[in-house]
Amino acid sequence: MVPNWGDKVYNLAVDLASIFTQHPYSIQLDERMDSHDEYDYIVIGAGAAGCVVAARLSEIPDNRVLVLEAGGEESGFTRMATIGHLYWNSRSIHWNYPSEPEKYGARAFIGHQVRIPIAKLLGGGTAHNGLMWNRGDPRDYDRWAQLGAQDWDYAHVFPYFVKMENLSEDQIGFTPFDKGYHGTRGPIGISGSFERGVFTESLIRGAQEIGYKTGDPNGRDHSVFSYIWNNLSNGTRGSMVDTYLAPVSFRPNLDIFTNAFVHRINFGPDKRAVSVTYEKDGKVRQVRARKEIILSAGSSNSPKILMLSGIGPKKQLEKHQIKVVSDLPGVGQNLRDHIGARLFFTMKANLSLVYTQPEEYIESARSFVTNRTGRFASLSDIVQGNFRTKYALDSRADLSIITYAGLQSSFNSNFFQGFLNRYKPEVIEKFFAPQAYKQGFAIGLFSMRTLSRGKVSLRSSNPHDDPILENRYFEVERDLDAMVEGCKIALKIVNSKAMQDAIAPKPFPNTLPGCEQYIIGSDAYCRCYILSLTISGIHISGTCKMGSVNDLMAVVDPELRVKGVKGLRIIDASIMPESTSGNTNAPTIMIAERGSDLIKGKTLRPSLPPFRKESEVLRYS
């Protein structure tokens with residue numbers, strides 16, 4: 001039995017949080033269950049999307065809005081940007097649903113199960129994620145429109161990205177950006193890298209050396225290498241509860257319930273969503289909705305709640321003796337994720353915080369406490385690159401790499417992170433432990449055009465039972481072929497003259513258990529390595545996909561209304577027809593901003609940034 005180190009670390013961290021940080025924000029919560037028994041709008045889930053929807057709908061004084069969040073508040077400790085991954089195993093702030101064993105990947109993990117942290121607290125994923133700000137390729141949204149999501153092309157979503165962002169030249173640091181593509185007055189502060197260390201400089205030069213471009217990943221050309229973009233503000237995490245919900249929580253027409261676990265949505269005889277059954281403090285209650293219920297519970301819980309409410313594949317609902325309200329076979333299907341793997345290297349540069357350097361931890365903690373600077377307050381030493389492989393299905397980049405050095409690499413490269421990730425003991429002992437105290441870094445390799453699709457299904461009709469999550473990574477061979485090609489490209493960058501002269505990186509010299517028969521760096525070794533150290537990009541989407549009325553697998557229409565019923569919409573990442581080309585944080589917030597306007601009946605006028613070339617027609621090979 002592997003100990004839950006995530007809970008142990010998180011509980012210790014919470015105890016120390018009052019020393020290191022102040023409370024992250026001031027928010028008014030409404031904990032009295034008898035506040036009201038009827039609202040105009042009920043928002044289920046206060047993750048990234050739910051925070052935005054609640055804030056925008058409550059802008060109209062006549063709208064009475066209720067938010068039901070199953071988790072609690074953030075702690076001060078979660079505000080530290082670089083250490084969110086330390087508590088990704090914590091049941092305290094995550095659902096921690098176990099994924100089903102992988103048939104092909106995750107061979108190095110106990111039970112062949114990939115760990116996918118799913119946040120359960122105000123702010124959702126924005127309270128624990130990597131803070132990387134990536135809109136994706138503009139043609140992602142043109143592709144959505146081609147698939148039946150009318151008016152979700154780039155021209156329709158671009159104004160919302162501009163509306164969200166607050167970016168200025170003094171915030172972006174050394175990170176290049178394209179003028180005319182970004183907002184300067186939005187609620188979300190966007191920052192770039194203010195550190196050009198030897199590691200990031202050499203990696204950027206190494207990518208250029210083998211022919212890749214650099215530039216703004218959220219601008220004119222997505223297929224570039226760039227210093228990281230993030231939504232940090234004054235050295236601390238900018239979660240959406242902090243950005244959207246907390247500042248408006250004192251509105252008299254907005255109530256926020258935390259630790260409110262939703263059981264199901266209830267329907268009237270005309271199939272209109274009329275109320276929500278939820279549990280709080282051990283009591284089960286119902287609250288009614290006069291206008292609409294908005295489901296923003298995320299790509300695992302939104303389909304779960306739908307099915308518990310009688311909306312989903314008829315056979316599955318009848319199997320669990322759930323009355324069918326709307327037979328929608330697409331509910332829980334089309335699960336998309338960015339399949340990944342981390343490549344580990346040693347280096348000569350003194351960048352990592354390893355356990356033999358306690359003075360570095362002390363100095364970093366002191367800098368954070370006194371003036372919110374230092375390694376705890378930044379996403380330093382991170383570069384993101386998007387590029388095409390020969391397996392690309394169209395003209396968009398199909399692979400992305402993200403580097404991890406500084407503080408993160410010391411955790412990602414040793415046995416302690418091995419316990420957090422639940423690697424098999426022999427993998428920890430033979431692969432990670434020998435390198436635990438050495439300077440190093442990791443390159444995360446992620447597939448952005450994943451063809452393998454998983455699904456979410458019910459385990460039972462009991463709302464407290466975890467759903468069944470099937471990732472089904474590498475069921476389509478092309479996904480693995482593209483990842484192997486990406487591994488070879490990453491090794492070319494690492495072996496470039498620029499990187500070798502600057503930091504002399506080397507792959508871990510000890511072979512990964514199960515791959516001993518292959519030469520390190522060979523195609524066969526890359527294939528074995530990726531199938532062993534398979535990870536999730538933590539970008540699950542698509543399980544309640546948006547599409548045309550004629551698409552039998554579509555769950556919501558382009559207005560985000562659930563098909564076959566009335567008064568119910570879904571606004572979160574689950575409605576994406578296909579994954580975006582990068583981190584799903586920014587696209588999910590965009591969906592929430594535009595979805596809120598759809599409810600209000602007035603959306604922003606479509607527009608395109610200046611100098612934008614016409615999108616190429618996306619023809620699949």
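Residues numbered from 1 in each chain as written. Predicted model: local features only at pLDDT ≥ 70, side-chain atom pairs only at ≥ 80, totals over all residues. Heavy atoms only, no water.

Draft legend 1. Structural detail: the nonpolar core. Judged by nonpolar contacts, the single largest core of 89 residues is most densely connected at Ile-42, Leu-68, Trp-152, Leu-245, Ile-311 and Leu-568. Among the elements that make up this core, the one with the highest residue count is helix H2 (residues 48-57) (8 residues). Among the nonpolar cores identified, the runner-up in size contains 71 residues, and Met-132, Phe-225, Met-347 and Ile-428 belong to it. (Core = buried A, V, L, I, M, F, W, Y, C linked by side-chain atoms within 4.5 Å. Buried < 20%, exposed > 50% of the residue type's maximum accessible area, 1.4 Å probe, protein only. Helix = DSSP H or I, 4+ residues; strand = E, 2+ residues; numbered from the N terminus.)

Draft legend 2. The arrangement of the packing of aromatic side chains in detail. On inspection of all chains with the given rule, the structure shows 23 aromatic pairs. Seen from their ring centres, Phe-225 and Phe-387 are 6.3 Å apart, and the 10 degrees between their planes marks the pair as stacked. You can see Phe-225 sitting in strand E5 (residues 225-227) and its partner Phe-387 sitting in strand E15 (residues 383-387), a full 162 residues away along the chain. Classification of Phe-225 as buried rests on a relative accessible area of 1%. Both rings, one in Phe-431 and one in Tyr-529, keep their centres 6.1 Å apart while their planes meet at 70 degrees; by these two values the pair is edge-to-face. Linking Phe-431 in helix H13 (residues 425-432) with Tyr-529 in helix H16 (residues 523-532), this pair joins segments that are 98 residues apart in sequence. For the pair formed by Phe-431 and Tyr-529, the shared burial category is buried. The side chain of Lys-120 reaches across the aromatic face of Trp-95, ending 4.9 Å from its centre. One Lys or Arg, Arg-594, reaches over the ring of Trp-152 and ends 4.6 Å from the middle of that ring. (Phe/Tyr/Trp six-rings, centres within 6.5 Å; stacked < 30°, edge-to-face > 60°. Lys NZ or Arg CZ within 6 Å of the ring centre and 35° of its normal.)

Draft legend 3. Region of the structure containing the state of the cysteines. All told, the structure shown has 2 disulfides when counted by the stated rule. When the bonded cysteines of the chain are numbered from the N-terminus onward, they pair as 1-3, 2-4. (Disulfide = S-S within 2.5 Å.)

Draft legend 4. Summary view of the pairing of strand E2 (residues 65-68). Judged by which residues are buried, E2 turns out to be covered on both faces: Val-65 and Val-67 on one side and Leu-66 and Leu-68 on the other are all buried. Pairing between strand E1 (residues 38-44) and E2: 4 bridges, direction parallel. Note that in E2 the partner of Ile-42 across the bridge is Leu-66. The pairing of E2 with strand E8 (residues 254-257) spans 4 bridges and is classified as parallel. Paired with Val-65 across the bridge in E8 is Leu-254. (Pairing = 2+ DSSP bridges.)

Draft legend 5. Here's a closer look at the pattern of salt bridges. As enumerated under the stated definition, the model contains 26 salt bridges in all. Of the charged contacts in the structure, one is a salt bridge between Arg-288 and Glu-38, with a shortest N-O distance of 3.8 Å. Remark: Glu-38 occurs in strand E1 and Arg-288 occurs in strand E11 (residues 283-295); sequence separation between them is 250 residues. Overall, the relative accessible area of 42% leaves Arg-288 in the partly exposed class. As a salt-bridge pair, Glu-578 and Arg-143 come within 3.6 Å of each other at their nearest N and O atoms. Of the two residues, Glu-578 is situated in the loop between strand E22 (568-570) and helix H17 (585-600) and Arg-143 in helix H3 (residues 138-146); the sequence distance between them amounts to 435 residues. The exposure class assigned to Arg-143 is buried, which follows from its relative accessible area of 15%. (Salt bridge = Lys/Arg side-chain N within 4 Å of Asp/Glu carboxyl O.)

Draft legend 6. A look at the environment of Gly-298. Mapped onto the secondary structure, Gly-298 falls in helix H8 (residues 298-308). Separated by 272 residues in the primary sequence, Gly-298 and Ile-570 place their C-alpha atoms 9.2 Å from one another. What Gly-298 contacts, discounting residues up to four positions off in sequence, is Pro-303, Asp-572 and Ser-574. (Contact = heavy atoms within 4.5 Å.)

Draft legend 7. Spatial organisation of the pairing of strand E14 (residues 339-346). Buried residues dominate E14, accounting for 8 of its 8 residues. Pairing of E14 with strand E21 (residues 534-536), which is carried by 3 bridges, proceeds in the antiparallel orientation. For Gly-340, the partnering residue across the bridge sits in E21 and is Ile-535. Pairing of E14 with strand E17 (residues 440-447), which is carried by 7 bridges, proceeds in the antiparallel orientation. Counterpart to Thr-346 in the pairing with E17 is Gly-440.

Draft legend 8. Representation of the environment of Thr-236 within the structure. In this fold, Thr-236 is placed in strand E7 (residues 236-237). Classification of Thr-236 as buried rests on a relative accessible area of 15%. Taking the C-alpha atoms as reference points, Thr-236 and Phe-368, 132 residues apart in sequence, are found 9.2 Å from one another. Discounting residues that sit within four places of it in the chain, Thr-236 has contacts with Arg-79, Phe-368 and Arg-372.

Draft legend 9. How the structure looks around H8. The element H8 is largely enclosed, with a buried count of 10 among its 11 residues. The positive-phi residue at the C-terminal boundary of H8 is Gly-310, with phi of around 95 degrees.

Draft legend 10. How the structure looks around the environment of Thr-184. Examined against the element boundaries, Thr-184 turns out to sit in the loop between helix H5 (169-172) and strand E4 (188-189). Note: C-alpha distance between Thr-184 and Glu-165 (19 residues apart in sequence) is 6.0 Å.

Draft legend 11. Summary view of helix H6 (residues 198-209). Its 12 residues place the ends of H6 16 Å apart at the C-alpha level, agreeing with the 16 Å of an ideal helix rising 1.5 Å per residue. Within H6, the full set of buried residues consists of Phe-199, Thr-200, Ser-202, Leu-203, Ile-204, Gly-206 and Ala-207. Where H6 is buried, its residues contact E5, E15, strand E16 (399-404), E17, helix H14 (477-494) and helix H15 (497-503). In the stretch just after H6, Gly-211 is the one whose phi turns positive, near 110 degrees. (Expected span 1.5 Å × (residues − 1).)

Draft legend 12. Spatial organisation of the confidence of the model for the chain. Averaged over all residues, the pLDDT of the chain is 87; the fraction at 70 or higher stands at 85%. In this model residues 18-23 is a low-confidence stretch, pLDDT under 50, and it forms 16 contacts with partners more than four residues away in sequence or in other chains. Low pLDDT, under 50, characterises residues 408-413; the predicted model gives this stretch 31 contacts beyond four residues in sequence or across chains. (pLDDT = per-residue confidence, 0-100.)

Draft legend 13. Highlighting the side chain of Glu-279. With respect to the helices and strands, Glu-279 occurs in strand E10 (residues 273-280). No salt bridge forms around the buried Glu-279; measuring N to O, its nearest opposite-charge neighbour Arg-264 is 9.1 Å away. Separated by 2.8 Å, the side chains of Glu-279 and His-263 make a polar contact. Reaching out from Glu-279, the side chain makes a polar contact with the side chain of His-464 at a distance of 2.8 Å. Non-local contacts of Glu-279, meaning those with residues more than four positions away in its chain, are made with Asn-259, Ala-260, Phe-261, His-263, Val-284 and His-464. (Lys, Arg positive; Asp, Glu negative; His and termini not counted. Polar contact = N/O pair within 3.5 Å; in protein donor to acceptor, adjacent residues only side chain to side chain.)

Draft legend 14. Highlighting the packing of H2 against H17. Across the interface, H2 lies against H17 with an axial gap of 8 Å and an inter-helix angle of 30 degrees. Considering the relative orientation of H2 and H17, their crossing is right-handed. Two secondary-structure elements touch here, H2 through Ala-48, Ala-49, Val-52, Val-53, Arg-56 and Leu-57 and H17 through Thr-588, Ile-589, Ala-592, Glu-593, Ser-596, Ile-599 and Lys-600. A class-by-class count of the residues in the contact of H2 with H17 yields 8 nonpolar, 2 polar and 3 charged. (Axes fitted to C-alpha atoms, helices over the stretch in contact; angles between N-to-C directions. Left-handed = near helix turned anticlockwise from the far one by under 90°. Nonpolar A, V, L, I, M, F, W, Y, C, P; charged D, E, K, R; others polar.)

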